[in-house]
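Single-letter residue listing:
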Amino acid sequence: MTLFSTLALAMGASWVSGINLYAGVATLGLLGRYAGLELPGELTVLTDWWVIGVALGMYVVEFVADKIPYVDSTWDVVHTFIRVPAGAVLAAATFGAFDGSVQVIAFLLGGGIALSSHGMKTGTRAAINTSPEPVSNITASVAEDAVAVGSIGLAAFFPIAIVVLVSLAVLASLFIIPRTLGSFRNFLRRFRSSPD
């Protein structure tokens, strides 16, 4: 695997980690096991049946939790402490064959990339939860699942596309996350000040 392909896989895996960690890990494991994808560094561990099984099991739990308004936001808050570190670890593991300093840099950047996608997902879903109907919540959740699996496919087979996509998404998050949080704070202020 070339350096650029390794970089693309690291970026894709860490970005997807912030959206749907379990779908990303399961997809990487299945592609490595059945589609002949050469997983670089220490990512080969993802092809182990136990890892794939646990990732698929947790994906099923997340699939259900993510479709229920407010449960999904609670799930996202808890997963801030899981998705972001996992994105950092996946990026560092991708560069497992490289020098330790490269792995540390990958760890730091992978965590930042995972935080950007997780922040976008969490903020957007919290804003969607202010809507009284469940359809938008379910639609957003299914779209996130498709983006997670599709992005791993892009990272594996179209590295240039995922590098461009992740770069644009990180730049967009710098613009969107502060505005989404501001809108959500305004909603909370109105909600608290409304008469009982």
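Preceding this paragraph is the structure being described.
Quick summary incoming for the structure in this document. (Residues numbered from 1 in each chain as written. Predicted model: local features only at pLDDT ≥ 70, side-chain atom pairs only at ≥ 80, totals over all residues. Heavy atoms only, no water.)

**Section: helix H1 (residues 3–34)**
Quick reminder of the rule: A run of H or I in DSSP counts as a helix once it spans at least four residues, and a run of E counts as a strand once it spans at least two, with each numbered from the N terminus. To estimate the expected span of a helix, subtract one from its residue number and multiply by 1.5 Å. A residue's bend is given by the angle between axes fitted to the 7 residues ending at it and the 7 residues starting at it. Classification of residues uses two cut-offs on accessible area relative to the type maximum, computed with a 1.4 Å probe and protein chains only: under 20% is buried, over 50% is exposed, and between them is partly exposed.
With 32 residues, H1 extends just 23 Å between its outermost C-alpha atoms, more than 12% less than the 46 Å of an ideal straight helix rising 1.5 Å per residue. When the local axis directions of H1 are compared, the greatest deviation, roughly 135°, occurs at Asn20. A large share of H1 lies buried, amounting to 26 of its 32 residues. After H1 finishes, the residue Gly36 shows a positive phi value of roughly 70°.

**A few points about the packing of aromatic side chains**
The relative placement of two aromatic rings is captured by the distance of their centres and the angle of their planes. In plain terms, the rule: We call Phe, Tyr and Trp rings a pair once their centres come within 6.5 Å, taking the six-membered ring for Trp, and we label the pair stacked below 30 degrees between planes, edge-to-face above 60, and tilted otherwise. The criterion for a charge sitting over a ring is simple: Lys NZ or Arg CZ within 6 Å of the ring centre, and within 35 degrees of the ring normal.
Counting across every chain of the model gives three aromatic pairs. Taken together, a centroid distance of 6.0 Å and an interplanar angle of 55° make the contact between Tyr59 and Phe63 tilted. Of this pair, Tyr59 and Phe63 both sit in helix H2 (residues 49–65), separated by four residues, roughly a single helical turn. Ring geometry for Phe95 and Phe98: centres 5.1 Å apart, planes at 70°, overall edge-to-face. We classify Phe95 as buried; its relative accessible area is 7%. For Phe98, a relative accessible area of 34% corresponds to the partly exposed category. We note Lys67 situated over the ring of Phe63; from NZ or CZ to the ring centre the distance is 3.6 Å.

**Thoughts on the pattern of salt bridges**
Rules: Any Lys or Arg side-chain nitrogen found within 4 Å of a carboxyl oxygen on Asp or Glu counts as a salt bridge.
Enumeration according to the criterion identifies nine salt bridges in this entry. A salt bridge links Glu62 to Lys121, with the nearest nitrogen and oxygen atoms 3.7 Å apart. Remark: Lys121 occurs in helix H4 (residues 100–128) and Glu62 occurs in helix H2; sequence separation between them is 59 residues. Taking the shortest distance from any N to any O, the salt bridge between Arg125 and Glu144 comes out at 2.7 Å. Highlighted residues: Arg125 in helix H4 and Glu144 in helix H5 (residues 135–157), separated in sequence by 19 residues. Here the two residues Arg125 and Glu144 agree in accessibility, since each one is buried. Through salt bridges with shared partners, one network takes in Glu62, Asp66, Asp72, Asp76, Arg83, Lys121, Arg125 and Glu144.

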